[in-house]
Amino acid sequence: MARFVGVYFQFFALCISLSSLVDSIDLANKGTTRPRLKATVAPQVSALNVTTKSPKEDSGVAIYRVINRKTDTTCILLKTDAVVEVKFKLHGIETQADSFIPEDAMVVGECDQEESVVMTIVWPGYSITMAFAKTPGGEVWFLKNVALTASVDIPQFHGIKTRDKTLRLYNESTLVPTPVGKSYLCEEVDINLKTDPADHPPKDVYGTLLLRMLQVQAFMYKSENFSTSFQCKNVRGFRSETTPIAVGSTLAIVALAIIAGYGAFRYFKVKNVQYNTME
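Residues numbered from 1 in each chain as written. Predicted model: local features only at pLDDT ≥ 70, side-chain atom pairs only at ≥ 80, totals over all residues. Heavy atoms only, no water.

### Digging into the overall build of the chain
Turning to step 1, where the next piece is worked out: A tally of regular secondary structure across the chain gives three helices and twelve strands.
Turning to step 2, where the next piece is worked out: In the chain, which comprises 279 residues, the share counted as buried stands at 34%.
Turning to step 3, where the next piece is worked out: Sequence separation of at least 24 residues holds for 57% of the intrachain contacts in the chain that already meet a minimum separation of 6.
Turning to step 4, where the next piece is worked out: Carbon together with sulfur atoms contributes 59% to the accessible area of the chain, which is approximately 17500 Å² in total. (Helix = DSSP H or I, 4+ residues; strand = E, 2+ residues; numbered from the N terminus. Buried < 20%, exposed > 50% of the residue type's maximum accessible area, 1.4 Å probe, protein only. Contact = heavy atoms within 4.5 Å. Areas by Shrake-Rupley, 256 points an atom, 1.4 Å probe, with all protein chains shown as cover.)

### Some thoughts on the pairing of strand β11 (residues 206–217)
Turning to step 1, where the next piece is worked out: With nine of twelve residues buried, β11 is to be regarded as a mostly interior element.
Turning to step 2, where the next piece is worked out: With ten bridges connecting them, strand β2 (residues 73–90) and β11 associate as antiparallel partners. Bridging across to β11, Lys79 finds its partner in Gln215. (Pairing = 2+ DSSP bridges.)

### Quick notes on the pattern of salt bridges
Turning to step 1, where the next piece is worked out: Taken as a whole and assessed by the stated rule, the structure comprises four salt bridges.
Turning to step 2, where the next piece is worked out: For Asp164, the salt bridge goes to Arg168, with nearest N and O atoms at 2.9 Å. (Salt bridge = Lys/Arg side-chain N within 4 Å of Asp/Glu carboxyl O.)

### So, the nonpolar core
Turning to step 1, where the next piece is worked out: Counting 49 residues, the largest nonpolar core has Ile121, Phe132 and Phe157 as its most contacted members.
Turning to step 2, where the next piece is worked out: Ignoring any residue separated from it by four or fewer positions in sequence, one finds Phe157 in contact with Val86, Phe88, Ala97, Tyr126, Ala150, Ser151, Val152 and Leu167. (Core = buried A, V, L, I, M, F, W, Y, C linked by side-chain atoms within 4.5 Å.)

### Observations regarding the environment of Gln156
Turning to step 1, where the next piece is worked out: Position of Gln156 among the secondary structure elements: in the loop between β7 (140–151) and β8 (166–171).
Turning to step 2, where the next piece is worked out: Along the chain, Gln156 and Thr95 lie 61 residues apart, while their C-alpha atoms are 9.0 Å from each other.

### Some remarks on the environment of Tyr126
Turning to step 1, where the next piece is worked out: Take Tyr126: it is sitting in strand β6 (residues 126–134).
Turning to step 2, where the next piece is worked out: Classification of Tyr126 as buried rests on a relative accessible area of 4%.
Turning to step 3, where the next piece is worked out: It is 9.8 Å that separates the C-alpha atoms of Tyr126 and Val152, two residues lying 26 residues apart in sequence.
Turning to step 4, where the next piece is worked out: Look past the residues within four positions of Tyr126 in its chain and what remains in contact with it is Ala97, Ser99, Ile121, Leu148, Thr149, Ala150, Ile154, Gln156 and Phe157.

### Looking at the pairing of strand β3 (residues 93–100)
Turning to step 1, where the next piece is worked out: Here β2 runs beside β3; their pairing, made up of eight bridges, is antiparallel. By the bridge assignment, Lys89 is partnered in β3 with Glu94.
Turning to step 2, where the next piece is worked out: Connecting β2 to the next strand, β3, in antiparallel fashion are two residues, including His91 with a positive phi near 55°.

### Overview of the side chain of Thr74
Turning to step 1, where the next piece is worked out: Along the polypeptide, Thr74 turns up in strand β2.
Turning to step 2, where the next piece is worked out: Judged by its relative accessible area of 0%, Thr74 falls in the buried class.
Turning to step 3, where the next piece is worked out: Separated by 2.7 Å, the side chains of Thr74 and Arg65 make a polar contact.
Turning to step 4, where the next piece is worked out: Of note is the side chain of Thr74, whose polar atom sits 2.5 Å from the side chain of Glu224.
Turning to step 5, where the next piece is worked out: Those residues within four positions of Thr74 in sequence are excluded, and the remaining contacts are Arg65, Val66, Ile67, Met220, Ser223 and Glu224. (Polar contact = N/O pair within 3.5 Å; in protein donor to acceptor, adjacent residues only side chain to side chain.)

### Some words on the packing of aromatic side chains
Turning to step 1, where the next piece is worked out: Throughout the structure, instances matching the rule amount to four aromatic pairs.
Turning to step 2, where the next piece is worked out: Considering the side-chain rings of Tyr126 and Phe157, the 6.4 Å spacing of their centres and the 50° angle between planes classify their relative orientation as tilted. One end of the pair, Tyr126, is in strand β6; the other, Phe157, is in the loop between β7 and β8, and 31 residues separate them in sequence. Accessibility assignment for this pair places Tyr126 and Phe157 in one class, buried.
Turning to step 3, where the next piece is worked out: Note on Phe132 and Trp141: the rings are 5.8 Å apart at their centroids and 70° apart in plane angle, and the pair reads as edge-to-face. Side by side, Phe132 and Trp141 carry an identical accessibility label, which is buried. (Phe/Tyr/Trp six-rings, centres within 6.5 Å; stacked < 30°, edge-to-face > 60°.)

Treat this as a map of the structure, not an account of what it does.
Set out below in structure tokens:
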């Protein structure tokens with residue numbers, strides 16, 4: 001009996017040790033979540049034009065807002081430290097013109113349509129327009145178009161020649177897909193911009209819109225602050241889910257084909273053996 005009790009306690013101690021080990025491994029694998037950027041409310045200047053200044057704790061980060069004229073509520077909310085880079089060749093040498101989007105830039109927009117909203121930010125010599133749309137099911141919103149215009153009269157462009165003294169660059173990719181009702185949060189998003197041959201642009205001109213410390217939300221409804229954030233790392237994970245599904249489906253089909261082929265082979269082989277035996 002004493003021997004049985006001793007074995008029991010040894011088994012119990014082993015279970016406790018294994019449980020502690022599992023808990024420690026689980027805690028080690030759990031990463032810490034990055035805190036969401038703090039959203040602030042910008043003062044309303046007019047029904048469509050809004051100027052904002054960033055809070056002191058977020059130096060360089062500004063808030064831009066478009067207000068729906070019908071409901072007098074925020075339609076698009078953008079928080080970022082943004083810079084525009086335009087690269088071009090001057091006398092065969094690549095040159096770059098940079099411009100930070102100022103905190104006091106003028107913001108105009110359109111929120112009249114349920115499936116499409118637009119924000120345009122204007123500052124001296126530049127303007128950038130961002131058009132947002134929803135997927136056909138209305139479950140996801142995304143940035144569908146970015147258009148940058150820049151005046152070549154700005155000294156940084158050294159008087160490069162264009163038809164109307166304006167450079168135009170675009171991006172029409174599907175960007176920052178986010179569930180409706182949530183904001184998109186990312187440490188940095190770089191949007192490549194290209195010219196359109198229809199504008200007859202100078203050669204070798206391209207640009208980048210850098211959105212740092214980005215938080216943006218379109219199609220807002222009865223809210224003045226950002227909703228729950230959808231972080232960009234989740235977007236990468238969402239996109240990569242198609243790969244394991246495709247691989248798993250392919251392996252399942254291959255496995256079924258092998259089993260079916262083997263079954264057919266066995267069936268005809270056994271049938272042939274039985275037929276020869278009967279003869």
